[in-house]
2 protein chains.
Amino acid sequence: MSAPQRSTYRHGDLRQALVGAGLEMARESGPDAVVLREATRRAGVSPNAAYRHFADRTALVGAVSDAALGAVAEAIEEEWERIDRRGDAAAVAHAELEAVGIGYLRFARDEPGLFRAAFTVPRDLESALSPDKAGPRGRTPFELLGIALDDLVAAGELPAERRPGAELLAWSAVHGLAMLALEGPLHDLDPELARQTGRRVIGMVDRGL
Amino acid sequence: MSAPQRSTYRHGDLRQALVGAGLEMARESGPDAVVLREATRRAGVSPNAAYRHFADRTALVGAVSDAALGAVAEAIEEEWERIDRRGDAAAVAHAELEAVGIGYLRFARDEPGLFRAAFTVPRDLESALSPDKAGPRGRTPFELLGIALDDLVAAGELPAERRPGAELLAWSAVHGLAMLALEGPLHDLDPELARQTGRRVIGMVDRGL
DNA sequence: GTGGGATTGTTGACAGCGTACACATGATCG
DNA sequence: CGATCATGTGTACGCTGTCAACAATCCCAC
């Protein structure tokens with residue numbers, strides 16, 4: 001599981017191994033639990049070896065965060081694929097928006113540690129949107145959200161003048177609920193109530209955009 | 001400023017001094033920057049003295065978080081006092097809701113470290129709502145939000161059946177924006193754009209509740 | 001008042017952390 | 001084949017949170 005005895009002096013792909021170990025730790029207790037020495041231990045390597053691949057601990061956590069973002073994208077795409085596209089354009093567009101929100105919240109609930117690793121680590125927008133953090137279908141969460149909003153406009157369900165920046169509004173609402181429920185005051189909100197609140201938040205976004 | 005030489009063996013009010021030092025550190029760089037040993041240093045006391053007042057570092061951070069919550073309450077109340085109450089009930093109710101949101105976001109912008117200390121530390125709801133974390137006028141942020149929503153219902157601006165749990169919806173939206181802008185991907189959003197987005201989020205809540 | 005807990009602060013120690021510096025190993029390419 | 005450069009190792013330092021044992025002081029019962 002952890003300390004793979006290796007015969008070669010070189011490791012092979014230490015960088016990847018460190019990120020993997022970091023992901024394990026983050027999954028259990030969030031990004032703060034990513035400890036550099038422990039990662040090297042799990043990779044079966046001396047502590048300082050990490051510095052050949054990361055400038056410092058922050059850089060490692062950043063890489064872990066990137067990987068976590070990819071996992072979020074995957075969760076959202078999964079929900080996206082499930083949409084029934086036989087209805088009219090308006091219904092489909094609303095379903096798309098809902099899918100993004102549901103996927104986002106589902107991931108936050110199922111993988112709180114990774115979720116916090118993905119979004120709680122300071123990074124700039126362009127980095128968050130860069131395509132190498134996309135899901136398996138190659139689309140980032142932000143892109144999917146954008147498509148949903150575009151489709152709402154196209155279907156006449158959202159006035160075009162409200163379209164610019166609407167991502168931020170939708171994102172804020174859903175993200176806020178996730179954070180409050182994860183590490184904030186809603187920490188031990190009843191799970192069923194949390195699910196229900198999630199739906200209501202998405203409804204509020206849909207109505208209020 | 002920092003190490004107050006004291007003559008007496010006893011400190012006087014060490015607990016308060018530690019919380020104060022913790023607040024300073026949190027203000028600069030958030031709750032993670034609150035380090036127990038440094039707090040004792042600033043209080044002019046040996047490291048272990050802290051353990052007479054806090055079970056461990058977590059407890060200290062918790063106390064700091066409580067104090068930070070009080071500061072949030074104060075910021076919101078400030079905005080609340082500024083409301084022009086001469087209009088009709090509906091307008092006042094909307095203004096109240098807006099005041100809570102604006103105060104919340106203003107505090108997040110002006111005191112990001114304290115904001116994160118207040119809301120990023122795991123705590124349960126009842127603790128977050130307990131009145132000892134209220135502002136100078138004795139009302140917690142959550143209470144003020146509740147009053148605003150009640151007034152919306154009274155003014156016929158919010159269907160009564162949507163009232164229960166509406167706090168969570170409003171709170172989520174505003175909190176999400178704050179978190180994304182503080183330590184998330186919106187980290188370096190243009191300040192003016194951020195302000196504007198804040199207003200739009202509040203508008204979305206007002207429409208979408 | 002005086003003696004004896006109960007409080008509160010101090011000393012010393014330990015393991016674990018991130019990281020700097022010097023060194024060892026080995027793959028790669030002239 | 002030998003030099004170079006990327007990669008991993010060893011040792012060390014200062015910092016952290018926390019434990020255990022000890023010391024000073026306050027305060028209350030006599």
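Reading the values: the criteria
Residues numbered from 1 in each chain as written. Chains lettered and ligands numbered in written order. Predicted model: local features only at pLDDT ≥ 70, side-chain atom pairs only at ≥ 80, totals over all residues. Heavy atoms only, no water. Helix = DSSP H or I, 4+ residues; strand = E, 2+ residues; numbered from the N terminus. Buried < 20%, exposed > 50% of the residue type's maximum accessible area, 1.4 Å probe, protein only. Contact = heavy atoms within 4.5 Å. Areas by Shrake-Rupley, 256 points an atom, 1.4 Å probe, with all protein chains shown as cover. Lys, Arg positive; Asp, Glu negative; His and termini not counted. Charge placed at Lys NZ, Arg CZ, Asp CG, Glu CD. Near = heavy atom within 4 Å. Polar contact = N/O pair within 3.5 Å; in protein donor to acceptor, adjacent residues only side chain to side chain. Salt bridge = Lys/Arg side-chain N within 4 Å of Asp/Glu carboxyl O. Nonpolar A, V, L, I, M, F, W, Y, C, P; charged D, E, K, R; others polar. Least-squares fit on C-alpha atoms with pLDDT ≥ 70 in both. Expected span 1.5 Å × (residues − 1). Buried area = accessible area lost by both parts, 1.4 Å probe. Core = buried A, V, L, I, M, F, W, Y, C linked by side-chain atoms within 4.5 Å. pLDDT = per-residue confidence, 0-100. Phe/Tyr/Trp six-rings, centres within 6.5 Å; stacked < 30°, edge-to-face > 60°. Axes fitted to C-alpha atoms, helices over the stretch in contact; angles between N-to-C directions. Parallel < 35°, antiparallel > 145°, perpendicular 65-115°, else oblique. Left-handed = near helix turned anticlockwise from the far one by under 90°.

**Observations concerning the overall build of chain A**
The helix and strand tally for chain A stands at nine helices and zero strands. In chain A, the succession of α and β elements from N to C terminus is α-α-α-α-α-α-α-α-α. Projecting the C-alpha coordinates of chain A onto the three principal axes gives extents of approximately 65 × 35 × 30 Å. Within chain A, buried positions represent 50% of all 209 residues. Residue pairs at least 24 apart in sequence account for 72% of intrachain contacts in chain A once pairs closer than 6 positions are excluded. Looking at chain A as shown, the accessible area adds up to about 9,900 Å², and 50% of this sits on carbon and sulfur atoms. Once the 25 positive and 32 negative side-chain charges of chain A are each reduced to a mean point, those two points are 6 Å apart.

**Comments concerning the protein's contact with DNA strand C**
Taken together, 22 residues are adjacent to DNA strand C, and Arg37, Arg41 and Asn48 of chain A together with Asn48 and Arg52 of chain B come closest. Among all atoms of DNA strand C positioned within 4 Å of the protein, those belonging to sugar or phosphate total 48%. One nitrogen or oxygen atom from the main chain of Arg57 of chain A is found 2.8 Å from a phosphate oxygen belonging to DNA strand C. Contacts to DNA strand C include His11 of chain B, whose backbone N or O atom sits 3.2 Å from a phosphate oxygen.

**Some remarks on the pattern of salt bridges**
Once the charged atoms of two side chains with opposite charge are near each other, the side chains can pair. The tally for this structure, following the rule as stated, stands at 35 salt bridges over all chains. The residue Glu111 of chain B makes a salt bridge to Arg27 of chain B at a minimum N-O spacing of 3.1 Å. Within this pair, whereas Glu111 of chain B is found in the loop between α4 (89-110) and α5 (112-119), its partner Arg27 of chain B is found in helix α1 (residues 14-29), the two being separated by 84 residues in sequence. Of the residues examined, Glu111 of chain B reaches a relative accessible area of 19% and is grouped as buried. Residue Arg27 of chain B is classed as partly exposed on the basis of its relative accessible area, which comes to 43%. Where salt bridges share partners, they join Glu24, Glu38, Arg41 and Arg42 of chain A into one cluster.

**Focus: the protein's contact with DNA strand D**
Close to DNA strand D lie 22 residues; Ser46, Asn48 and Arg52 of chain A together with Arg37 and Asn48 of chain B are nearest. At the protein interface, 49% of the atoms of DNA strand D within 4 Å belong to sugar or phosphate. The contact in question runs from a base nitrogen of DNA strand D to an N or O atom on the side chain of Arg37 of chain B, over 2.6 Å. In terms of residues, the surface near DNA strand D owes the most to one element, helix α2 (residues 36-42) of chain B, which gives three residues. A class-by-class count of the residues in the surface near DNA strand D yields eight nonpolar, five polar and nine charged.

**Observations concerning the relation of the copies chain A and chain B**
Between chain A and chain B, which share one sequence, the superposing operator has a rotation angle of 180° and an axial displacement of 0.0 Å; the RMSD is 0.0 Å. Both copies of the chain, as the preceding transformation shows, are related through a two-fold rotation axis. Here 100% of the contact residues of chain A are again contact residues in chain B; the copies associate through an equivalent surface.

**A closer look at helix α8 (residues 166-183) of chain A**
Given a rise of 1.5 Å per residue, 18 residues ought to cover 26 Å, and the 26 Å separating the end C-alpha atoms of α8 of chain A matches this to within 8%. For α8 of chain A, the tally of buried residues reaches 17 of 18 residues, placing the bulk of the element in the interior.

**A short note on the interface of chain A and chain B**
Between chain A and chain B, the residue contacts involve 38 residues of the former and 38 residues of the latter. Between chain A and chain B the total buried area reaches about 3,200 Å² when both faces are included, carbon and sulfur atoms providing 64% of it. The interface formed by chain A and chain B includes zero salt bridges. For the side of chain A that touches chain B, the secondary structure elements donating two or more residues are α6 (125-129), α8 and α9 (191-208) of chain A. With 12 residues, α8 of chain A is the largest single contributor of residues to the side of chain A that touches chain B. Its residues placed into classes, the side of chain A that touches chain B shows 21 nonpolar, nine polar and eight charged.

**Observations concerning the nonpolar core**
Grouped together as the largest cluster of nonpolar side chains are 132 residues, with contacts concentrated most on Phe115, Trp171 and Leu209 of chain A together with Phe115, Trp171 and Leu209 of chain B. Residues contacting Phe115 of chain A, with those up to four places away along its chain left out, are Tyr104, Phe107, Ala108, His175, Ala178, Met179 and Leu182 of chain A.

**Notes on the environment of Val35 of chain B**
Residues and elements named next belong to chain B. You can see Val35 is positioned in the loop between α1 and α2. Note on Val35: relative accessible area 38%, which makes it partly exposed. For Val35 and Gly135, which are 100 residues apart along the polypeptide, the C-alpha to C-alpha distance reads 26 Å.

**Considerations on the confidence of the model for chain A**
Taken residue by residue, chain A gives an average pLDDT of 92. The fraction at 70 or more is 97%. Confidence, read as mean pLDDT per element, is least for α6 of chain A in chain A (73) and greatest for helix α2 (residues 36-42) of chain A (98).

**Re the packing of aromatic side chains**
Enumeration over the complete set of coordinates arrives at 10 aromatic pairs over all chains. Measuring from ring centre to ring centre gives 6.2 Å for Phe119 of chain B and Trp171 of chain B, while their planes differ by 75°; the resulting arrangement is edge-to-face. In this pair, Phe119 of chain B sits in helix α5 while Trp171 of chain B sits in helix α8 (residues 166-182), placing the two residues 52 residues apart along the sequence. Given a relative accessible area of 4%, Phe119 of chain B falls into the buried group. Trp171 of chain B gets classed as buried once you look at its relative accessible area, which sits at 9%. The rings of Tyr104, Phe115, Phe119, Phe142 and Trp171 of chain A are connected pair by pair, giving a single aromatic cluster.

**Comments concerning the packing of α4 of chain B against helix α7 (residues 141-154) of chain B**
Residues and elements named next belong to chain B. The N-to-C vectors of α4 and α7 enclose an angle of 155°; their axes lie 8 Å apart at closest approach. By the angle between their axes, α4 is roughly antiparallel relative to α7. Viewed along their axes, α4 and α7 form a crossing whose handedness is left-handed. For the pair formed by α4 and α7, the contact residues are Ala93, His94, Glu96, Leu97 and Val100 on the first element and Leu144, Leu145, Ile147, Ala148, Leu149, Asp151 and Leu152 on the second. Residues belonging to the contact of α4 with α7 are distributed by class as follows: nine nonpolar, one polar and two charged.

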